[in-house]
Amino acid sequence: MIKMATIERTFNIFDILVGSKGDKDFGKKPVVIQGITGSYGSTHTRLMKEYGTNIAAGVTPGKGGQNFEGTPVYDTMADAVRATGAQISGIFVPAPFFLMAAIEALDSGIKLLAAIPEHVPIRDSIKVLEYAQKKGARMVGPNTPGVIVPEVMKVGIMPAQPFKAGSTVVFSRSGTLMYEVSYNLTNRGYGQKLGLGIGGDPINGTNLIEAFDLIRDRSDVNSIVVVGEIGGDAEEQLAEYIIRTSFDKPVIAYIAGRAAPKEKRMGHAGAIVYGNYGSAESKVANYARANVPVARRPGEVPDLLAKKLRR
Amino acid sequence: MAVAENMRLLEYQGKELFEQYGIRIPRSHLANNVEEARQGGRKLGYPLVLKSQLTVGGRGKAGAIVKCKSEAEMEPKFNELLHKEVKGELPRGILLEEMADIKKELYLSLFLNRSKRCYSLISSAEGGVEIESAGNKVVVDIPIDGLNPQTAEDTAAKLGLSGRTVVSFVDFTTKLSRLIGEKEAELAEINPVAILGDGSLMALDAKVIIDDNAMFRHPELKKYEHVSELEKQAEVSGFSLVELDGNIAIIGNGAGLVMSTLDMVSDAGGTAGAFLDFGGRATTETIYEALQVISKIKRVDAILVNLFGGIVRTNLVAQAILDAYKNNLIAVPVFARISGADSEKAKAMLNGSRAKLYNTVEEAIQAAVAAVNR
């Protein structure tokens, strides 16, 4: 069983992703890509490097000793971590191999796992999550676009162009909607401090509450945008958390799937409504209690944010 | 593989799994025609129950579960049930089942608890009603390696069970927990569980949902997969498809984006006829395949494409649309919003075709809704 909010206080995601000003590798923290030579992994390794991410090594069993466009490839995570000192891993292996890859990463001392693959079996996600907790590590995803610190680095598959550096944080259960909403924010002058994909699965390594804990005490974050969707009760739990902990930064939400039929999985494994459980109505009602405005469409998010920030 | 809702097992399939795990079920017989039903009736004896095999809930209320006292009574009722739709779904067979000697009913389910991120066992001494309205619910969390018998025993005590029923409850729930673990189910619900005259338990219903994403480890469950031809085609291409009732097909790259488009279409007074997410890897071929899938849905009067580019090359999408018109795959208008790389080029390419590019999704939706409502 996974206890919530046990390690966030000691887990500083910005320290891991970017580091502190005095660090030799400030803004250039080493990242290992698992599955670097696959078609998916190689495409995105190129894009991540282009964006400025320090991809220090890759892992593909059986291809140790080779290199991918100048990046050394190792057989095992233990070798890759020993050689680079990386604390971050981006997992790009196909879903059936995810469990093994993730356990190997955690065993080698990785502290932040960006779990990109879609279609990971639920039991595998739970096993990795429990193991990560034991190791004091954090998983983001699976089925996530990853994590981006705009204009510094990204570990994941998000395009660069929607994002710009700023003070808003975007948490999203959907990939493309994270891009769409960030793009709308950027166009209206609201850059982002962090974009983090919660993931579209029923089980999330980092859920919305834990994500909020990661940024709640940061003075360089002035607002949060939460892109949600139907299914589960993550938004309801978040609303309760905002009330219970008197969370005081402005929060704006968007929820996709208002018009979706019940008991149908809408593309994401987690996007399904049973009765009232997981419905958009339930989420909107709970957000209202927490004083979180909900946009009707992605384009309306910056309007609502502007209103909140003006107050 | 696309995430379809194809691993929601029918009652008789769930009960087959129960039987494999030693969870007691009534004697039964599946019939697809009246001759098979007659045979089943003779084997089981009367009175018996006829149960429509459907994936939708609320069968009892809809009159899709009926009792019969004799073969003469059974035959007309069987034929009626076989052709009776419930919530738009026709049964895939009728299960004939012996009548159990029920003293009391319980509710029992093991399910994936999303907010706690573990499996939970939920039980109630009030079975046979929807769990939302059942009283005195007992919820316990289950470790990933299975339910502890002591936890099951404590739960039985909380439910007020005694004697032989406690032993049977521990046996039932630990077996169900093994089933969930080994078959990788998201849900195994038994509502109701009967407490029989001798105090032992029997599963009167079965609702089992298997994790689609774990199917690669379960070839033995492949026979339970139920997909339409269209869904199969979509799945092979790596798309997520949901067929809907309206006349605007929505295609996009990303489940959230397509859902969001669906909401906006609905707000604008339109109705969606299909939800198709073709994922991140869009090439001319994949978009063309998506249009091929959509072209088989007859009620579609317009196609709305919402594409957030960046990774996707938008000119490839435009080429696919042009090819689809050229090959007479589609005749309906296409309303597209394609943002991102190469969108200016894509716009120019579509000039003079039945497809039109818009700068915002709102404009594309307005135009599509106006066209189908004309």
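Because the structure is predicted, anything quoted here is derived from the model rather than measured. Here, residues in each chain are numbered from 1, in the same order as that chain's written sequence. To label them, take the chains in the order written and letter them from A, then take the ligands in the order written and number them from 1. Since the coordinates come from a predicted model, pLDDT governs what is reported: local features require at least 70, and pairs of side-chain atoms require 80 or more to be given and counted, while whole-chain, interface and lining totals use all residues.

### Topic: the overall build of chain A
Consideration 1: On a plain count of helices and strands, chain A comes out with ten helices and 14 strands.
Consideration 2: Since a compact globule built from 311 residues should have a radius of gyration of about 19 Å, the 19 Å found for chain A is in line with a globular shape.
Consideration 3: With the C-alpha coordinates aligned to their principal axes, the bounding extent of chain A is approximately 55 × 40 × 35 Å.
Consideration 4: Taking all 311 residues of chain A together, the buried fraction comes to 55%.
Consideration 5: Excluding contacts between residues fewer than 6 apart, the proportion of contacts in chain A whose partners are at least 24 apart in sequence is 69%. Each helix is a run of H or I in the DSSP string that is no shorter than four residues. Each strand is a run of E no shorter than two, and both are numbered from the N terminus. It is over C-alpha atoms that the radius of gyration is taken, and the globule rule equals 2.2 Å times the number of residues to the power 0.38. Put plainly, a residue is buried at 20 or more neighbouring C-beta atoms within 10 Å of its own, exposed at 12 or fewer, and partly exposed in between, counting only other residues' C-beta atoms, which are placed from the backbone. We call two residues in contact if the C-beta atoms placed from their backbones are at most 7 Å apart.

### Comments concerning unusual backbone geometry
Consideration 1: In this structure, A:Pro142 follows A:Gly141 across a cis peptide bond, with omega equal to 5 degrees.
Consideration 2: Here A:Pro142 lies in the loop between strand S7 (138-140) and strand S8 (146-149).
Consideration 3: Here the bond from B:Tyr46 into B:Pro47 is cis, since omega is 0 degrees, no more than 30 degrees from zero.
Consideration 4: Position of B:Pro47 among the secondary structure elements: in the loop between helix H2 (34-44) and strand S2 (48-52).
Consideration 5: The phi dihedral of A:Glu69 is positive, around 45 degrees, even though this residue is not glycine.
Consideration 6: Relative to the elements of secondary structure, A:Glu69 occurs in the loop between strand S3 (67-68) and strand S4 (71-74).
Consideration 7: One non-glycine residue, B:Glu184, lies in positive phi territory at about 55 degrees.
Consideration 8: Tracing the backbone shows B:Glu184 in the loop between helix H5 (164-183) and strand S8 (185-196).

### As for the sheet that holds strand S13 (residues 272-277) of chain B
Residue and element names in this part refer to chain B.
Consideration 1: Strand order in this open sheet of six strands is S11-S13-S12-S14-S15-S16, and the pairing throughout is mixed. This sheet does not close on itself; its edge strands, each paired only once, are strand S11 (240-243) and strand S16 (355-358). Across the sheet, the mean angle separating the axes of adjacent strands is 15 degrees when strand polarity is ignored.
Consideration 2: In this description, strands pair whenever DSSP reports at least two bridges between them. Across six bridges, strand S14 (residues 302-308) lies against strand S15 (residues 334-339) in parallel orientation. When the sheet's bridge partners are listed, Phe-308 is paired in S15 with Ser-339.
Consideration 3: Lines fitted to C-alpha atoms define the axes here, with helix axes fitted over just the stretch in contact, and angles between the N-to-C directions of these axes take values from 0 to 180 degrees. Across the sheet, helix H7 (residues 255-267) lies against S11, strand S12 (248-252), S13 and S14, angled at about 150 degrees from S12, the strand it touches most.

### Focus on the domain arrangement of chain B
Consideration 1: Domain start and end points were adopted from an automatic or database domain assignment. The domain boundaries assigned to chain B delineate domain 1 (27-98), domain 2 (102-220) and domain 3 (229-372).
Consideration 2: Once you take the C-alpha centre of each, domain 1 of chain B and domain 3 of chain B turn out to be 42 Å apart.

### Some details on the pairing of strand S9 (residues 153-156) of chain A
Consideration 1: Relative to S9(A), S8(A) runs antiparallel, the two being bridged by four bridges. Paired with A:Ile148 across the strands is A:Lys154, a residue of S9(A).

### Digging into the domain arrangement of chain A
Residue and element names in this part refer to chain A.
Consideration 1: In terms of domains, chain A is made up of domain 1 (8-140) and domain 2 (161-310).
Consideration 2: Of note, the centres of domain 1 and domain 2, computed from C-alpha atoms alone, are 26 Å apart.
Consideration 3: Facing twelve residues of domain 1, the contacting portion of domain 2 comprises ten residues.
Consideration 4: Listed by contribution, the elements that provide at least two residues to the side of domain 1 that touches domain 2 are helix H5 (122-134) and S7.
Consideration 5: If one sorts the elements of the side of domain 1 that touches domain 2 by residue count, H5 sits on top with five residues.
Consideration 6: Throughout, the ten residues Ala, Val, Leu, Ile, Met, Phe, Trp, Tyr, Cys and Pro are labelled nonpolar, Asp, Glu, Lys and Arg are labelled charged, and all others, Gly among them, are labelled polar. Counted by class, the side of domain 1 that touches domain 2 contains nine nonpolar, one polar and two charged residues.

### What to know about the sheet that holds S7(A)
Sheets are built from strands paired through backbone hydrogen bonds, the pairs being either parallel or antiparallel.
Residues and elements named next belong to chain A.
Consideration 1: If you trace the seven strands from one edge of the open sheet to the other, you get S3-S4-S2-S1-S5-S6-S7, paired in mixed fashion. Both outer strands of the open sheet, S3 and S7, are each paired with one neighbouring strand and no more.
Consideration 2: As defined by bridge partners, strand S2 (residues 54-59) adjoins S4 across two bridges and the pair is classed as parallel. When the sheet's bridge partners are listed, Gly-58 is paired in S4 with Val-73.

### Focus: H2(B)
Residue and element names in this part refer to chain B.
Consideration 1: What H2 keeps buried is the set Ala-37, Gly-40 and Gly-41. Around the axis of H2, the buried residues are gathered within 100 degrees of arc, so they sit on the same side. Every exposed residue of H2 that faces more than 90 degrees away from the buried side is listed here: Glu-35 and Arg-42.
Consideration 2: Contacts made by the buried residues of H2 are with strand S1 (28-31), S2, helix H3 (71-82) and strand S4 (94-98).
Consideration 3: At the C-terminal side of H2, Gly-45 shows a positive phi close to 85 degrees. When we speak of the arc, we mean the arc of directions from the helix axis to the C-beta atoms.

### Some points on the packing of helix H6 (residues 175-187) of chain A against H7(B)
Consideration 1: One way to put it is that H6(A) packs onto H7(B) with a least axis distance of 5 Å and a crossing angle of 65 degrees. Between H6(A) and H7(B), the angle falls in the class roughly perpendicular. Facing H6(A), whose interface residues are A:Gly175, A:Thr176, A:Leu177 and A:Glu180, H7(B) presents B:Gly256, B:Leu257 and B:Ser260.
Consideration 2: For the contact of H6(A) with H7(B), the per-class residue count stands at two nonpolar, four polar and one charged. We call two directions roughly parallel when the angle between them is under 35 degrees, roughly antiparallel when it is over 145, roughly perpendicular when it lies between 65 and 115, and oblique otherwise.

### Considerations on the interface of chain B and chain A
Consideration 1: Each partner contributes to the interface: chain B provides 42 residues, whereas chain A provides 49 residues.
Consideration 2: Among the elements that make up the side of chain B that touches chain A, the one with the highest residue count is H7(B) (eleven residues).
Consideration 3: The residue makeup of the side of chain B that touches chain A, split by class, is 19 nonpolar, ten polar and 13 charged.

### Observations concerning the pairing of S13(B)
Residue and element names in this part refer to chain B.
Consideration 1: Where burial is concerned, most of S13 is hidden: six out of the six residues are buried.
Consideration 2: Inspection of the sheet shows S11 paired to S13 by four bridges, in the antiparallel sense. When the bridges of S13 are listed, Val-242 appears paired with Phe-275.
Consideration 3: Both S12 and S13 contribute to a ladder of five bridges, which runs parallel. Bridge pairing links Gly-252 to Asp-277 in S13.

### Observations regarding the nonpolar core
Consideration 1: In terms of nonpolar packing, the biggest core is built from 188 residues, with A:Leu113, B:Ile250, B:Phe275, B:Leu276 and B:Leu304 touching the most fellow members.
Consideration 2: Every residue in contact with B:Phe275, bar those within four places of it in the chain, is listed here: A:Met266, A:Gly267, B:Leu241, B:Val242, B:Leu244, B:Ile250, B:Val258 and B:Leu262.
Consideration 3: Residues of type Ala, Val, Leu, Ile, Met, Phe, Trp, Tyr and Cys that are buried and joined through C-beta atoms within 7 Å form what is called a nonpolar core. By size, the runner-up hydrophobic cluster in this structure holds 14 residues, among which are B:Ala31, B:Cys68, B:Leu81 and B:Ile94.

### Describing helix H2 (residues 39-51) of chain A
All names here are of chain A.
Consideration 1: Residue count minus one, scaled by 1.5 Å, sets the expected span of a helix. Given a rise of 1.5 Å per residue, 13 residues ought to cover 18 Å, and the 19 Å separating the end C-alpha atoms of H2 matches this to within 8%.
Consideration 2: Along H2, the residues classified as buried are Gly-41, His-44, Thr-45 and Met-48. Axial view of H2: buried residues confined to an arc of 115 degrees, hence all on one face. Those residues of H2 that are exposed and aimed more than 90 degrees away from the buried face are Ser-39 and Glu-50.
Consideration 3: Elements in contact with the buried residues of H2: strand S1 (30-34), S2, S3, S4 and S9.

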